[in-house]
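Residue-level structure breakdown
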Amino acid sequence: MRRVAALLLGLSMTVASLTACGRGGDLVIGVRVGYPGLVLRLPGGEYTGFDVAVAQYVARELGYRDGQISYTGDLDRADIVVGASGGRDTAGPYLVTSSDILVRAGDLTISRPKDLRRKRVCGTRADTAPLVGRLGTAWKAAFLAEANVPAACAPLLAKGRIDAIVADAPVLVGLDTQYPGRFRLCGASIAVHRYGIDARSEGAREEIDAALRRMFDDGAWNRAVIRHLGVLAARYTAPPALGMT
């Protein structure tokens, strides 16, 4: 794919980095499947969520039609990846958020990270690393259930097999909408995370940053927050500053 792009004479490297990439002129976007609120695969195979809304806007700004855009959970196959946490060629951030705690609605014994000391917790290794740092490896061995993706924790919480889920707040809100009235978001901030787009090259990163800036300026970012992140809209009233991934 990149060898073909390099052969397109007459184009600058910045333009070639994205407008010539993909399969047959298409753009393959890597997404994090299993992170509701950010990425949700619908029964018909389509994808929705805040990350998808950002990716779609950026792709259109780069000149791709909807029929040329596809999504994959295999990040190695992707031309760009949304939800990246940083790196030299990562554009953005398009969202700065924090990890939080989700519990059953009637459980009032948990409101802060220290309340999890004797509780059964589920989360990915990355999401629960700050808790392990606070509570120790003995707590990890006795109380932590590691999952590949946050979505795997929700049935365990609903059935009472665990007491809490730790993940980024937008993901927990996405899980909450799948179990209406069953869960409660604690509103605790455990660790800060920045979401960007892995552009694979410096030239592509500059193009994507420009597209994100337009999304911030024309109100599309705010509309995506309201539509996909719901109750968190009051937290994310303004886009983040670019260049801080």
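The present account deals with the structure reproduced in this document.

Rules used throughout
- Residues numbered from 1 in each chain as written.
- Predicted model: local features only at pLDDT ≥ 70, side-chain atom pairs only at ≥ 80, totals over all residues.
- Heavy atoms only, no water.
- Core = buried A, V, L, I, M, F, W, Y, C linked by side-chain atoms within 4.5 Å.
- Buried < 20%, exposed > 50% of the residue type's maximum accessible area, 1.4 Å probe, protein only.
- Helix = DSSP H or I, 4+ residues; strand = E, 2+ residues; numbered from the N terminus.
- Contact = heavy atoms within 4.5 Å.
- Salt bridge = Lys/Arg side-chain N within 4 Å of Asp/Glu carboxyl O.
- Expected span 1.5 Å × (residues − 1).
- Axes fitted to C-alpha atoms, helices over the stretch in contact; angles between N-to-C directions.
- Parallel < 35°, antiparallel > 145°, perpendicular 65-115°, else oblique.
- Left-handed = near helix turned anticlockwise from the far one by under 90°.

**Points about the nonpolar core**
Here is a general trend for soluble globular proteins: nonpolar side chains tend to be buried in one another's company. With 56 residues, the main nonpolar core has I29, F50, Y94, I197 and I208 as its most contacted residues. For this core, the leading source of residues is helix α3 (residues 50-61), giving 8 residues. Those residues in contact with I197 that lie beyond four places of it in its chain are V54, V58, I80, V81, V82, A84, D89, T90, A91, Y94, I208 and L212. Of all hydrophobic cores here, the second largest spans 16 residues; its members include V132, L135, V166 and A188.

**Comments concerning the pattern of salt bridges**
Under the definition given, this model contains 10 salt bridges. Two residues, R214 and E61, come together in a salt bridge whose shortest N-O distance is 2.4 Å. Of this pair, R214 sits in helix α8 (residues 202-217) while E61 sits in helix α3, and the two are 153 residues apart along the sequence. Among the salt bridges present, the one from D89 reaches R88, with a minimum N-O distance of 3.8 Å. Judged by relative accessible area, D89 falls into the buried class, the value being 15%. The exposure class assigned to R88 is exposed, which follows from its relative accessible area of 73%. Counted as one network, the salt bridges with shared partners bring together R104, R120 and D163.

**Details of α8**
Counting along an α-helix, one turn takes 3.6 residues, and residues three or four places apart therefore face a common direction. In this model, α8 (16 residues) spans 23 Å end to end at C-alpha, consistent with the 22 Å of a helix rising 1.5 Å per residue. For α8, every residue scored as buried is listed here: G203, A204, R205, E207, I208, D209, A211, L212, M215 and F216.

**Regarding the packing of α3 against helix α9 (residues 220-229)**
Packing of α3 against α9 leaves a shortest axis separation of 9 Å and a crossing angle of 155°. If you check the angle between α3 and α9, you find them roughly antiparallel. Note on packing geometry: the crossing formed by α3 with α9 is right-handed. For the pair α3 and α9, contact is made by F50, A53 and Y57 and by A220, W221, A224, V225, H228 and L229, respectively.

**Re the environment of G25**
You can see G25 is positioned in the loop between α2 (13-19) and β1 (27-30). As for G25 and Q68, which are separated by 43 residues in sequence, their C-alpha atoms are 7.0 Å apart. Filtering out sequence-adjacent residues up to four positions away, G25 remains in contact with Y64 and Q68.

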